[in-house]
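Architecture at a glance
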Amino acid sequence: MVQNKVDAKPILVVDDDGDIRLALEMLLKYEGFEVWTARDGQEALARLDAEEAQGRRAALILTDLKMPQLDGLELLEQIQQRKSPPPVILISGHGDVATAVEAMQRGAANFLEKPLVDNRVLVTIQQALFCERISRENDGLRKHLGEQWEMVGESPATAALREQITRVAPALAAVLIRGENGTGKEIVARNLHLASPRAAEPFITVNCAAIPSELIESELFGHEKGSFTGALERRIGHFEAADGGTLFLDEIGDMPAGAQAKVLRALETLEITRVGHSQTIPVNIRVVAATNLDLAAAVEAGSFRLDLFYRLNVVPLALAPLRERREDILPLARHFLACAAARAGRSALELTEEAQKKLLALTYPGNVRQLRNLLVGASVFAEGEQLGAADLEQILSSGPAMSIPETALATGTSDPFSAPTFEVFKDQSEALFFRQKLDANSGNVKRTAEQLGMQRSHLYKKLDRYGLRG
Ligand SMILES: Nc1ncnc2c1ncn2[C@@H]1O[C@H](COP(=O)(O)OP(=O)(O)OP(=O)(O)O)[C@@H](O)[C@H]1O
Ligand SMILES: [Mg+2]
């Protein structure tokens, strides 16, 4: 595995035994690493400082445990106090494996026992570097996801909502979010989760409208292998997957009656039974549900169970339509332009005066999602650094993406056959198609693209076009 010298990763080898230092240096250099050496902890820290002053950082530290001056454990401790510390692998003598284990509990990446075996050394190093990379990618991803769920808006309604979220998030109480299509119900559900002590645990979304009624039980509670035709593997259901975290029951108003009873029982007992299994499994979940329907009216009409309504509606949160909180329009518009720019790796477009006036004058039946679609669409037409009223007009006058009824995107129930023109029909059908495939894959774009045999980037373009992303 000889690496290119240009991107050779520096490894710091710390050992008071000159023979071991030399042996490791030769081995690692042969593998293409750059090698720095030090005789004890103090020398190691000095070397790290000197290199850092030159803008170089160690990719990994391999250190002996027993050394004069500063020993391996002390070195580990000091390293961990530095900014983005590299992984540390400890080398332990025969007798001090227990200390090495303790070191791992204190954050060492791994340990190697003397006498050192070349292959073991290399595998352990590669593993540690790999884990480090994954963990860094994860941090980046988390940051990215956090940004994606950032709630923007300066209206009193949004300020009050933010305050409610902060107040309600720490509790276990069920929350029912009510709002028109595209008002931000999912983003609120995510924020409730992220502001709760469960933030690091799973957030599982169930689109209650998208599950065929005969599969609901297995989707929600899981099944054992062979429990019915087609059950080829054991499957963990959404309730179990959300254990410890938040279960988001989206479009709860569309849940079939049969499923309502089962969900109620699971929420009451906090226990589930997989299909084809006899044992009950306890689940620790926080439930957040969302709907664009008037559930109280659905209860009146007999299509929604009163007891389930009570169980879910412990804390009701109502989201105002965008036309009733106009102070949010421009901050949201700038936010969407900034997100689009970040994705494209360029700086954000600025809104001209006229564009701002135009945005403030619209009614947004499709709420925030419609505003987002409008900006993503219009920025395609923008030339230079600014987005003008004319660019918005391109989409508003005839833009196919804007002629899709929001209901088609939201519930997947609108009928494309009632479209006035062929263009609109094509767009509606395509939007419905992608929405449904994405839902069937729980919003997982990679899996959806694989299933459809499409390039992921191509699918992303489609999703952006129809505002189906995020
Ligand atoms: N306050 C907000 N700040 C930033 N983005 C927002 C905000 N509200 C909504 N959005 C964005 O608008 C789009 C629609 O929001 P979301 O999916 O949460 O709405 P929804 O109420 O669940 O819609 P639907 O009823 O169609 O399921 C998303 O892209 C979301 O990120
Ligand atoms: Mg939603």
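Residues numbered from 1 in each chain as written. Chains lettered and ligands numbered in written order. Predicted model: local features only at pLDDT ≥ 70, side-chain atom pairs only at ≥ 80, totals over all residues.

Let us look at the domain arrangement of the protein. With domains assigned, the protein is organised as domain 1 (5-145), domain 2 (156-320) and domain 3 (325-465). The distance between the C-alpha centroids of domain 1 and domain 2 comes to 46 Å. (Domains from an automatic or database assignment.)

Moving on, we come to the sheet that holds strand β5 (residues 110-113). Strand order in the open sheet formed by five strands is β2-β1-β3-β4-β5, with parallel pairing between adjacent strands. The open sheet has two edge strands with one neighbour each: β2 (34-38) and β5. Shown here is a sheet whose adjacent strand axes are inclined to one another by a mean of 20°, direction ignored. With four bridges joining them, strand β3 (residues 60-64) and strand β4 (residues 88-92) adopt parallel strand pairing. Across the sheet, Ile61 pairs through a bridge with Val88, a residue of β4. (Pairing = 2+ DSSP bridges. Helix = DSSP H or I, 4+ residues; strand = E, 2+ residues; numbered from the N terminus. Axes fitted to C-alpha atoms, helices over the stretch in contact; angles between N-to-C directions.)

A few words now on the sheet that holds strand β6 (residues 175-178). The sheet built from five strands is open, its strands ordered β7-β10-β13-β6-β14 with parallel pairing. Every other strand in the sheet has two partners, leaving β7 (203-207) and β14 (315-318) as the edge strands with one partner each. Strand-to-strand twist of the sheet, defined as the mean angle between neighbouring strand axes without regard to direction, takes the value 20°. Summarising the sheet, β6 and strand β13 (residues 286-291) pair through four bridges and their orientation is parallel. Each residue of the ladder has a partner; that of Ile177, found in β13, is Ala290. Of the strands in this sheet, β6, β7, β10 (246-250), β13 and β14 are in contact with helix α7 (residues 185-194), which crosses β13 at around 165°. (Contact = placed C-beta atoms within 7 Å.)

It is worth spelling out unusual backbone geometry at this point. Omega for the peptide link from Lys114 to Pro115 comes to 0°, which places this bond in the cis form. Mapped onto the secondary structure, Pro115 falls in the loop between β5 and α5 (118-148). Of note, the phi angle at Leu270 is positive, near 50°, even though the residue is not glycine. Residue position: Leu270 is located in the loop between α10 (257-269) and β11 (271-272). Taking the C-beta count within 10 Å as the criterion, Leu270 has 13 such neighbours and is therefore assigned partly exposed. (Buried ≥ 20, exposed ≤ 12 C-beta atoms within 10 Å, placed from the backbone.)

For the rest of this paragraph, the subject is the pairing of β2. The sheet contact formed by strand β1 (residues 10-14) and β2 spans five bridges and is parallel. In the strand pairing of β2, Leu12 is matched with Trp36. Handedness of the β1-helix α1 (residues 18-30)-β2 crossover: right-handed. (Right-handed = clockwise from strand over helix to strand, strands pointing away.)

A few words on the confidence of the model for the protein. A low pLDDT means the predicted coordinates there should not be read in detail. Averaged over every residue, the pLDDT of the protein is 86; the share at 70 or more is 91%. Note on residues 399-414: pLDDT under 50 across the span, and 49 contacts to partners over four residues away in sequence or across chains. (pLDDT = per-residue confidence, 0-100.)

Attention now moves to the environment of Gln428. Here Gln428 is to be found in helix α18 (residues 422-440). When the C-alpha atoms of Gln428 and Gly72 are compared, they prove to be 64 Å apart, with 356 residues separating the residues in sequence.

The subject of this paragraph is helix α3 (residues 72-80). Of the positions making up α3, those classed as buried are Gly72, Leu75, Leu76 and Ile79. Looking straight down α3, one finds that the buried residues subtend no more than 105° of arc, so they occupy a single side. Here the buried face of α3 lies against β1, α2 (41-53), β3, β4 and α4 (97-105). (Arc of directions from axis to C-beta.)

The next thing to look at is the packing of helix α13 (residues 329-344) against helix α15 (residues 367-381). At a minimum axis distance of 9 Å, the contact between α13 and α15 shows a crossing angle of 50°. Here α13 lies oblique to α15, going by the angle between them. As for the relative orientation of α13 and α15, their crossing is right-handed in sense. Judged by residue contacts, Ile329, Leu332, Ala333, Phe336, Leu337 and Ala340 of α13 engage Val368, Leu371, Arg372, Leu375, Val376 and Ser379 from α15. Of the residues assigned to the contact of α13 with α15, the class counts are 10 nonpolar, one polar and one charged. (Parallel < 35°, antiparallel > 145°, perpendicular 65-115°, else oblique. Left-handed = near helix turned anticlockwise from the far one by under 90°. Nonpolar A, V, L, I, M, F, W, Y, C, P; charged D, E, K, R; others polar.)

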